[in-house]
Amino acid sequence: MKRLLFLLIFIGSLIITPTINLFASELTNVSSVTNELNISSGGEGDAHHLPSAFSVIPFAILLLMIATGPLFYEHFWHKNYPKVAVSLAVIVVGYYLFVLHNTHGPVHALFEYFQFISLLTGLYIASGGILIEIDKEGKPLLNVIILFIGAIISNVIGTTGASMLLIRPFIRLNKHRIKPYHVIFFIFLVSNIGGSLTPIGDPPLFLGFLKGVPFSWTFFHNFPAWIFAVIIFCILFFFFDKRNKDENPLFAGDNGERSGKITITGGKNFLWLGVVIAAVFLDPNVDGFEWVPSIHYDGQKFSFVREIIMLSVAFMSYKFANPVALKGNEFNFEPIREVAFIFIGIFGTMMPALELVASFAGSEAGSALINHNTLYWGTGLISGILDNAPTYLNFFAAALAAQGGSINIPSEVVNFAYGDGYVDSVLQLTAISVASVFFGAMTYIGNGPNFMVKSIAEQVGIQMPSFFGYIIRFSIPILLPILFIVWLVFFAFI
């Protein structure tokens, strides 16, 4: 197995290195300028150089193995993905610590991962103790209603909470005719696009809120694109579902009378979900919550109290969950375990990629390219292959820096959000916000809930497309054209 792992990594390097070389020449000028200036890490005088373009290779290898593992070497991948993800992350973290002498990046990545996985764990386990049973036949119109309601709920309990709460009843409702497209459209609408209206809805918007973007800003500025996209996807899903006449052979003949009732078991877990959502605001960087204990590092305050609360909720909500609800949901920890390890690898290895992108965007050449159109496509496409939360922050910071602002000064963030003293800034921030959330649906790793929904669907026997299959069969022919239309309608000609 060790030899096979080494061989896969070596082959991945051979495949990806030529691609990296193509970008290396474009990044050389930025690297040299940055290295001469010794870009400050924000700490007390310790400076670091820009990472080499070749340091992106572990991240590219991880993406390659996530894409090909379940398809070509499934047994090895499911047994060893934790080792693969952690090993590749260790390589990049070691490079930062011992070659670049940069502790800033790894420490920030560690805190961001801790915040990310604490929220997902709390929402996943708390919602896993709520069993929703809809004793109706899964028909196209009913499915559309559920997806639309899910898109709304995503803004109240987050895309992760809504996804974990609704994916199982949605699958059960359609068990007689379930197909991968049911789950894919669920990912599009509930796990991503739906959560565009509030900072609670999706992690990128929450990070913007912590930086100073007013809470109500996202609703008023993202709503037109949100309702436009949600309606288009609902109509498209309806026609997909209308044409599905196939019956799942596992449930053939199981078409008895339906009572039409909706029952909820384990409703007390809604209180636990409420605690998780309330804890989201216990951040020492938010006005009014400076009293919350925090870890001070590199001139910033990192929360840990809310994460402890979220993980405590995860433990308590499982310990006191209704056994009937857990059994009915076929609840287990494998989906969150898979997300935890995969995203250790992603957070650990994506640091060079994000830093190179941010450095170019902040350079003179990069700043000249910044406008609401390039921000929409840049933020969007990178959000699809990297985690969309840090991508949002990097492009937001670049847009501010291009006009002399700083994302670390809340008053400047507020002024940028409302266009006070900045050119085209409201449209730029809208483009960044919409793109980071919408394009998070491009791949399984664009947003945290995507991978969990995929894992839950596979556990109940749905043959989900591979990483590349998802992109080729659904993202490119369905999602991308609609995102292009969103751009044409709301950004292209403004």
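Residues numbered from 1 in each chain as written. Predicted model: local features only at pLDDT ≥ 70, side-chain atom pairs only at ≥ 80, totals over all residues. Heavy atoms only, no water.

A. Examining the pattern of salt bridges more closely. A full pass over the atoms with the stated rule returns four salt bridges. A salt bridge links Lys 454 to Glu 458; its shortest N-O distance comes to 3.1 Å. Residue Lys 454 and its partner Glu 458 are located together in helix α19 (residues 448–459), separated by four residues, close to a single helical turn. Judged by relative accessible area, which is 31%, Glu 458 ranks as partly exposed. (Salt bridge = Lys/Arg side-chain N within 4 Å of Asp/Glu carboxyl O. Helix = DSSP H or I, 4+ residues; strand = E, 2+ residues; numbered from the N terminus. Buried < 20%, exposed > 50% of the residue type's maximum accessible area, 1.4 Å probe, protein only.)

B. Structural detail: the side chain of His 372. Within the element layout of this structure, His 372 appears in helix α15 (residues 372–385). One polar contact links His 372 to Asp 424, side chain to side chain, over a distance of 2.9 Å. Within polar-contact distance, the side chain of His 372 engages the backbone oxygen of Phe 491 at 3.0 Å. For His 372, the contacting residues outside a window of four places in its chain are Asp 424, Leu 427, Gln 428, Ala 431, Phe 491 and Ile 494. (Polar contact = N/O pair within 3.5 Å; in protein donor to acceptor, adjacent residues only side chain to side chain. Contact = heavy atoms within 4.5 Å.)

C. Here's a closer look at the confidence of the model for the protein. Model confidence for the protein is summarised by a mean pLDDT of 84, while 88% of its residues fall at 70 or above. No element of the protein has a lower mean pLDDT than helix α1 (residues 2–37), at 37, and none a higher one than helix α18 (residues 425–438), at 97. For the stretch residues 1–46, pLDDT sits under 50, and the model shows 59 contacts to residues farther than four places along the chain or on other chains. (pLDDT = per-residue confidence, 0-100.)

D. Highlighting the packing of aromatic side chains. As enumerated under the stated definition, the model contains 44 aromatic pairs in all. Here Tyr 376 and Trp 377 contribute two aromatic rings whose centre-to-centre distance is 5.2 Å and whose plane-to-plane angle is 90°, an arrangement assigned as edge-to-face. Given the relative accessible area of 0%, Tyr 376 is considered buried. The partly exposed category is assigned to Trp 377, whose relative accessible area is 21%. Centre to centre, the rings of Tyr 444 and Tyr 470 are 4.5 Å apart; their planes meet at 40°, and the pair counts as tilted. With a gap of 26 residues between them, Tyr 444 in the loop between α18 and α19 and Tyr 470 in helix α20 (residues 467–492) connect regions that are remote in the sequence. (Phe/Tyr/Trp six-rings, centres within 6.5 Å; stacked < 30°, edge-to-face > 60°.)

E. Spatial organisation of unusual backbone geometry. With a phi angle near 55°, His 101 is a residue other than glycine that sits in the positive phi range. When its relative accessible area of 55% is taken as the criterion, His 101 is described as exposed. A positive phi angle, near 60°, is found at Asp 424, a position not held by glycine. Position of Asp 424 relative to the elements: it lies in the loop between α17 (410–418) and α18.

F. Highlighting the pairing of strand β3 (residues 294–297). Alignment of β3 against strand β4 (residues 300–303), held across four bridges, turns out to be antiparallel. When the bridges of β4 are listed, Ile 295 appears paired with Phe 302. Between β3 and the antiparallel strand that follows it, β4, lie two residues; Asp 298 among them carries a positive phi value of about 60°. (Pairing = 2+ DSSP bridges.)

G. Region of the structure containing helix α10 (residues 305–319). Between its terminal C-alpha atoms α10 stretches 21 Å, which fits the 21 Å expected from 15 residues at 1.5 Å a residue. Close packing links the buried residues of α10 with α4 (104–128), α7 (203–211), α9 (269–279) and β4. (Expected span 1.5 Å × (residues − 1).)

H. Quick look at the nonpolar core. Among the nonpolar cores identified, the biggest contains 142 residues, and Phe 188, Phe 233, Tyr 376, Phe 396 and Phe 438 are the most heavily contacted of them. In this structure, Phe 438 is in contact with Ile 193, Ser 196, Ala 225, Trp 226, Ala 229, Leu 483 and Val 486, ignoring residues within four places of it in sequence. Ranked by size, the runner-up nonpolar core spans five residues in total, among them Val 92, Tyr 96, Ala 109 and Met 351. (Core = buried A, V, L, I, M, F, W, Y, C linked by side-chain atoms within 4.5 Å.)

I. Empty space enclosed by the protein, seen in detail. Applying the stated criterion across every chain yields a total of one cavity of 30 Å³ or more. Approximately 60 Å³ is the volume attributed to the largest cavity. Along the walls of the largest cavity sit Ile 66, Pro 70, Trp 77, Glu 338, Tyr 444, Phe 451, Lys 454, Ser 466 and Phe 467, which together make up its complete lining. Among the secondary structure elements, those contributing two or more residues to the lining of the largest cavity are α2 (57–72) and α19. When its residues are assigned to classes, the lining of the largest cavity shows six nonpolar, one polar and two charged. (1 Å grid on protein atoms, 1.4 Å probe; cavity = no way out; pocket = protein on both sides within 12 Å on 5 of 7 lines; lining within 4 Å. Points joined across faces, edges and corners; volume = space filled by probe spheres on them. Nonpolar A, V, L, I, M, F, W, Y, C, P; charged D, E, K, R; others polar.)

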